[in-house]
Amino acid sequence: MAGWMWLRCVLGPHLQRIHRSTDPSRPEGRAGRRGWNYQPRSLEKHSDSILSWASALWSLSYYSSPILLCYLYRKGYICSSKLVPVSQYVGTVLVCLLGVACLRGLGRWKNSEYLQFISILDENKDNHTPANKKRLRCYDFDFSYWPSDFSWSEVSNPKLSKAGVSLLKPEPRLRGATDSVLHSVRTLPCHIISFLIVHSFGRRMLYPGSVGLLQKAMRPMLQQGQARLIEEFDGQRNKLVACDGNEIDTMFVDRRREGGQKGQTLVICCEGNAGFYEVGCMNTPLEGGYSVLGWNHPGFAGSTGVPFPQNEANAMDVVIQYAVHRLGFQLSDIVVYAWSIGGFTASWAVMSYPEIQSVVLDASFDDLLPLALKVMPDSWKPLVQHAVRQYMNLNNADQLLKYQGPVLLIRRTRDEIITTTGPEDVMSNRGNDLLLKLLQFRYPKIMTEEGVRVVRQWLGSSNPIEEASVYSGYEVDDDWCVSVLQSYQAEGDVLFPWSVGEDMAMEGRRQLALFLARKYMRNFETTHCTPLPASEFHSPWRL
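Not measured: the values here are computed from a predicted model.

1. Details of the nonpolar core
Among soluble globular proteins, nonpolar side chains are generally buried collectively. One finds Ile-268, Val-336, Leu-435, Tyr-443 and Tyr-520 to be the most contacted residues of the largest nonpolar core, which totals 73 residues. Of all the elements, helix H12 (residues 309–325) adds the most residues to this core, at 8 residues. Look past the residues within four positions of Val-336 in its chain and what remains in contact with it is Ile-268, Cys-270, Met-316, Ala-346, Ala-349, Val-350, Ile-356, Ser-358, Val-359 and Val-360.

See below:
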């Protein structure tokens, strides 16, 4: 028995923190759940440090392997006479590391806190009851060892799992059979190079949060943020299994018992390309009093996989299914809130689940392609276009146009990330294009050439004073605009696009265009990565 327990300690997960269990009788409230960091014994501490350094060196050598291999090849080290002694050295190092892992297991075996934790983990695997799950939630450890709490297959057809959820594909160009074959042959090199670029450095440039070295550097910050969510807000960490088999790391904070309309509303948060729910945009609606469900992209922190569009949509789908079927929220009680690149999964969610109450997109863009072209050489343009459309087609605007519900866009006026020229040029912010595409689809008779011109003039304002000047300069009457829109809605044609403004004078269409632009978009005078204050998080406008 002792030998088996020692083996479990050798193979067991890394324990980081112990959260004090929730006790309703405690009068301290949130502060009464303060936990403590796990304190390893000296043997476990030093052996774990050696293994951590070995892991960091392996990650560094993995990412630098192309350069390293080229260097070794030019020096003549890649040959059988040199590889044999190298393999012997590597084998010796691996044996030494195995010995260090055994010593770490011995150190854990002598620690009563770790023995209690590993016993609870084993018991939870054998009997995944609510009581055992509650005991396991008192520990923060490697998420790969965490048992599954919800699977996509519980509520959907498992036969569809391999294909994944449906994405909005670009319309194919019509070609004859012969032209199609010739075109495929001609573009084959482009396909191969695009594939290599995207699957090597391209995906990591787009989603730097999936890089292991960055996650190692941010680990203390992520652990601190997770402890805050669990101990101060009674957050519940869960593992969801998506239809592609990826495990999604989520955090749920339930405010329904506190009363109030905000607590009855669930805000699902979609993070940015280097954002994690532990320290990301989840804090904004949390401070606003909402129930909140955060999740990490595939390949981020505890989530497995890689963040390609299909995997992202699969992850978002299982999060929504979990919110509805396990947490008990109706789709009409769910608000989707996204920051930056999270706009892709948010727009996919409202396109696929049109009953969702509303969507808020903060510092998001209409299409990835213009931003990708900005950072790549001009000579690479055809290659970049093919790579983005084929493998990273983040077509936020196209997906958002499929949604009929309330939308709020938040534009950062000093955004340095989603501008195609620079932060000082507010007109190059791709959030402008997202707004214009949305208004032109929903109100085509208002957003004529003149309507687009006045909205662009309003978008060119860099501060509230200039905005108010443009708005008052066209003498926009808010009450009149509301009455016109309500009268049209009362006629029964409620699905977009609307034909309101068709027989209206130019002056009236200008007023409506500016009125709608100000209702659909709010400006926030800051840079891209500044956290959004809870005071700036509003429900989208409803007529």
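Don't stop here, the text continues.
2. As for the sheet that holds strand E8 (residues 291–295)
Strand pairing in a sheet is mediated by backbone hydrogen bonds. Such pairs are either parallel or antiparallel. Spatially, the 9 strands line up as an open sheet ordered E4-E5-E6-E8-E7-E9-E10-E11-E12, and their pairing is mixed. Strands with a single pairing partner mark the edges of an open sheet, and in this sheet they are strand E4 (150–151) and strand E12 (521–524). Bridge analysis of strand E7 (residues 266–270) against E8 gives 4 bridges, and the strand direction is parallel. Bridged to Ile-268 within E8 is Leu-293.

3. Description of empty space enclosed by the protein
Scanning the model with the defined rule gives 1 cavity of 30 Å³ or more in all. Taken as a whole, the largest cavity holds about 50 Å³ of empty space. As for the largest cavity, its lining consists of Leu-361, Ala-363, Ser-364, Leu-409, Ile-410, Arg-411, Ile-418, Asn-429, Gly-431, Leu-434 and Met-521. When residues of the lining of the largest cavity are traced back to their parent elements, those giving at least two are strand E11 (407–412) and helix H17 (430–442). Looking at the lining of the largest cavity element by element, the count peaks at 3 residues for E11. Considering only residue class, the lining of the largest cavity consists of 7 nonpolar, 3 polar and 1 charged.

4. Some remarks on the UniProt feature "domain: AB hydrolase-1" (unreviewed entry) in the chain
Feature annotation in UniProt assigns "domain: AB hydrolase-1" (unreviewed entry) to the following positions: residues 266–386. Between the C-alpha atoms that bound residues 266–386 the distance is 38 Å, and the span itself is 38% helix and 17% strand.

5. Observations regarding the packing of H17 against helix H21 (residues 506–520)
Two numbers describe a pair of packed helices, the interaxial angle and the distance between the axes. Two numbers describe how H17 lies on H21: the axes approach to 11 Å, and their chain directions differ by 125°. The orientation of H17 with respect to H21, classified from their angle, is oblique. The interaxial crossing formed by H17 with H21 has right-handed handedness. Contacts from Leu-435, Leu-438, Leu-439 and Arg-442 in H17 reach Leu-516, Ala-517 and Tyr-520 in H21. Among the residues forming the contact of H17 with H21, the class breakdown is 6 nonpolar, no polar and 1 charged.

6. Here's the deal with the pattern of salt bridges
Enumeration over the complete set of coordinates arrives at 20 salt bridges. Between Glu-123 and Arg-135 there is a salt bridge, with the nearest N and O atoms lying 3.3 Å from each other. Separated by 12 residues along the polypeptide, Glu-123 in helix H5 (residues 112–126) and Arg-135 in helix H6 (residues 130–136) bring together distant segments of the chain. Among the residues examined, Glu-123 registers a relative accessible area of 36% and is labelled partly exposed. According to the relative accessible area criterion, Arg-135 is partly exposed, its value standing at 36%.

7. Observations concerning the packing of aromatic side chains
Enumeration according to the criterion identifies 21 aromatic pairs in this entry. The interplanar angle of 70° and the centroid separation of 6.0 Å between the aromatic rings of Phe-195 and Tyr-391 together place this pair among those described as edge-to-face. Of the two residues, Phe-195 is situated in helix H8 (residues 188–206) and Tyr-391 in helix H15 (residues 381–391); the sequence distance between them amounts to 196 residues. Here the aromatic rings of Phe-496 and Trp-498 are separated by 5.0 Å at their centres, their planes lie at 25°, and the arrangement is stacked. On the accessibility criterion, Phe-496 (13% relative accessible area) is buried. A relative accessible area of 4% means that Trp-498 is categorised as buried. Following the ring pairs from residue to residue traces out a cluster consisting of Tyr-38, Tyr-114, Phe-117, Tyr-139, Phe-141, Phe-143 and Trp-146. For Lys-239, the ring lying beneath its charged end belongs to Phe-143, and the centroid distance is 5.2 Å. A cation sits over an aromatic face here: Arg-518 above Tyr-471, 3.7 Å from the ring centre.

8. A few points about a nonpolar patch on the surface
Side chains of Leu-57, Trp-58, Leu-60, Tyr-62, Tyr-63 and Leu-213 sit close together on the surface and give an oily, nonpolar patch of about 640 Å² of accessible area. With 5 residues, the top contributor of residues to the nonpolar patch is helix H2 (residues 42–63).

Conventions adopted
- What you see as residue numbers is a count from 1 along each chain, following the sequence as written.
- With the structure being a predicted model, the display of local features is reserved for residues of pLDDT at least 70 and the display and counting of side-chain atom pairs for 80 or more, all residues being used for whole-chain, interface and lining totals.
- In computing side-chain values, all of the structure's heavy atoms are included and hydrogens and water are not.
- We call a set of buried Ala, Val, Leu, Ile, Met, Phe, Trp, Tyr and Cys residues a nonpolar core when their side-chain atoms join them within 4.5 Å.
- Relative accessibility thresholds used throughout: buried, under 20% of the residue-type maximum; exposed, over 50%; partly exposed, between the two (1.4 Å probe, protein chains only).
- Comment: elements are numbered from the N terminus, with helices defined as DSSP H or I runs of at least four residues and strands as E runs of at least two.
- We call two residues in contact when some of their heavy atoms are within 4.5 Å.
- Strands qualify as paired when DSSP identifies two bridges or more between them.
- For each structure, a 1 Å grid was placed over the protein atoms alone; sets of points admitting a 1.4 Å probe that cannot get out are labelled cavities, open sets with protein on both sides within 12 Å along at least five of seven lines are labelled pockets, and lining residues have an atom within 4 Å of a point.
- Grid points are joined across faces, edges and corners, and a volume is the space filled by probe spheres set on the points.
- Each residue receives one of three labels: charged for Asp, Glu, Lys and Arg, nonpolar for Ala, Val, Leu, Ile, Met, Phe, Trp, Tyr, Cys and Pro, and polar for the others, Gly being one of them.
- UniProt positions are given in the numbering used here, feature names are shortened, and annotations may be inferred rather than shown by experiment.
- Axis geometry follows a simple rule: fit a line to the C-alpha atoms, using only the stretch in contact for helices, then measure angles between N-to-C directions, giving values from 0 to 180 degrees.
- Each angle is binned into one of four classes, with values under 35 degrees roughly parallel, values over 145 roughly antiparallel, values of 65 to 115 roughly perpendicular, and all other values oblique.
- Handedness of a crossing follows from how the near helix is turned relative to the far one, being left-handed for an anticlockwise turn of less than a right angle and right-handed for a clockwise one.
- Take a side-chain nitrogen of Lys or Arg and a carboxyl oxygen of Asp or Glu: if they are within 4 Å of each other, that pair is a salt bridge.
- The pairing test for Phe, Tyr and Trp rings, Trp by its six-membered ring, is centres within 6.5 Å, and the orientation test on the planes gives stacked under 30 degrees, edge-to-face over 60, and tilted for anything in between.
- When the NZ atom of lysine or the CZ atom of arginine is within 6 Å of a ring's centre and also within 35 degrees of its normal, the charge is said to sit over that ring.
- To count toward a patch, a residue needs a relative accessible area above 30% and no salt bridge. Like charges then connect within 9 Å, nonpolar side chains (Val, Leu, Ile, Met, Phe, Trp, Tyr) within 5 Å.
- Residue burial considers only the protein chains on display, and all accessible areas are found by Shrake-Rupley using a 1.4 Å probe.

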